Structure formats: C-alpha cells, structure tokens
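Residue-level structure breakdown
Listed below are the residues making up each chain.
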Amino acid sequence: IALRRSSRWRTVVPRGLQVGALMTFAIALLAVPVILLGFDDFFVQFHSVFFSGDTWRFSTTDTLLRLYPEAFWQDTSQLTAGIVGLQAVIVSVLATWWLRRLRAEGIAP
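Described below are features of the structure shown in this document.

Conventions adopted
- Residues numbered from 1 in each chain as written.
- Predicted model: local features only at pLDDT ≥ 70, side-chain atom pairs only at ≥ 80, totals over all residues.
- Heavy atoms only, no water.
- Helix = DSSP H or I, 4+ residues; strand = E, 2+ residues; numbered from the N terminus.
- Rg over C-alpha atoms; globule rule 2.2 N^0.38 Å.
- Buried < 20%, exposed > 50% of the residue type's maximum accessible area, 1.4 Å probe, protein only.
- Contact = heavy atoms within 4.5 Å.
- Areas by Shrake-Rupley, 256 points an atom, 1.4 Å probe, with all protein chains shown as cover.
- Lys, Arg positive; Asp, Glu negative; His and termini not counted.
- Charge placed at Lys NZ, Arg CZ, Asp CG, Glu CD.
- Phe/Tyr/Trp six-rings, centres within 6.5 Å; stacked < 30°, edge-to-face > 60°.
- Patch = residues over 30% accessible without salt bridge, like charges linked within 9 Å, V, L, I, M, F, W, Y side chains within 5 Å.
- Salt bridge = Lys/Arg side-chain N within 4 Å of Asp/Glu carboxyl O.

Remarks on the overall build of the protein chain
A count of helices and strands for the protein chain gives 5 helices and 0 strands. Going residue by residue from the N terminus, the α and β elements of the protein chain occur as α-α-α-α-α. Here the protein chain has a C-alpha radius of gyration of 20 Å; the compact-globule value for 109 residues is 13 Å, and the former is much larger. The C-alpha extent of the protein chain, read off along each of the three principal axes, is 65 × 25 × 20 Å. The 109 residues of the protein chain split such that 17% are buried. Taking all contacts inside the protein chain whose residues are at least 6 apart in sequence as the whole, residues at least 24 apart take part in 75%. For the protein chain, the accessible area works out to roughly 8,200 Å², and carbon and sulfur atoms hold 67% of it. Where the 10 positive side-chain charges of the protein chain centre and where its 7 negative ones centre are 29 Å apart.

As for the packing of aromatic side chains
Under the counting rule described, the total for this entry stands at 8 aromatic pairs. By way of ring pairs, the aromatic residues Phe-39, Phe-42, Phe-43, Phe-46, Phe-50 and Trp-56 are connected into one cluster.

Observations regarding a nonpolar patch on the surface
A cluster of nonpolar side chains, namely Phe-58, Leu-64, Leu-65, Leu-67, Tyr-68, Phe-72 and Trp-73, defines an oily patch on the protein surface of about 630 Å² accessible area. Of all elements in the fold, only α4 (63–67) and α5 (70–104) reach the threshold of two or more residues within the nonpolar patch. When residues of the nonpolar patch are assigned to their parent elements, the largest contribution, 3 residues, is made by α4. With respect to the secondary-structure elements, Leu-64 resides in helix α4.

This is a description of form; function is not addressed.
Put into structure tokens, the structure is as follows:
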C-alpha cells in the first residue's frame, strides 16, 4: 500500500512479482522430473543440505518410517512442487494484469 503511493516504486512491485513467479515456476518445473525420475538421489541430496553425515537416516523398524514411508515423501514432494507451480502461475497472471493496468493508466512504460 505504501509503495502504491510512490510513483517511483509503483511499477517495481508487479515487475518483481512477475519475475519472481516465473523463476519459481521454472524451478518447480525442473524439480518435477528430478522427483519423478530420481527420487532417492533427490531425497539424499535434500537431506545433505540440512544434516551432516547420516544423522537423518533411521532404521527401517523405526516408528517414524512406519508412519511416514518413502511413498508418503514422494507424494508430498510432488504435491508441493505442483502447488508451488500453481501459485507461481497465479501470481504471474496477477502481476501481468497489474502491469497492464498501470500501462493503461500511463504510469508504466
């Protein structure tokens, strides 16, 4: 709301949203084949970012793995990538609409 009052920053917000949404969509689009084709490698690499060594690995008899098996994490990661991609498309469409409206008002180039 504060940026709307400033003519200097008025077009920066929708452009930033549009670029950010397109980049997010591209990353989500790249993540889907990685998740579908090589989930095991993706899973190990994801955990190596947050944990050192094998501290994140559990025994196959652990309750945690029985409650949340690998299929759960595969489905969750696919769903997350899909939701993030959908949100990116929605934000991009809204930002494009916002920029067109500003251009129609003669505010944006």
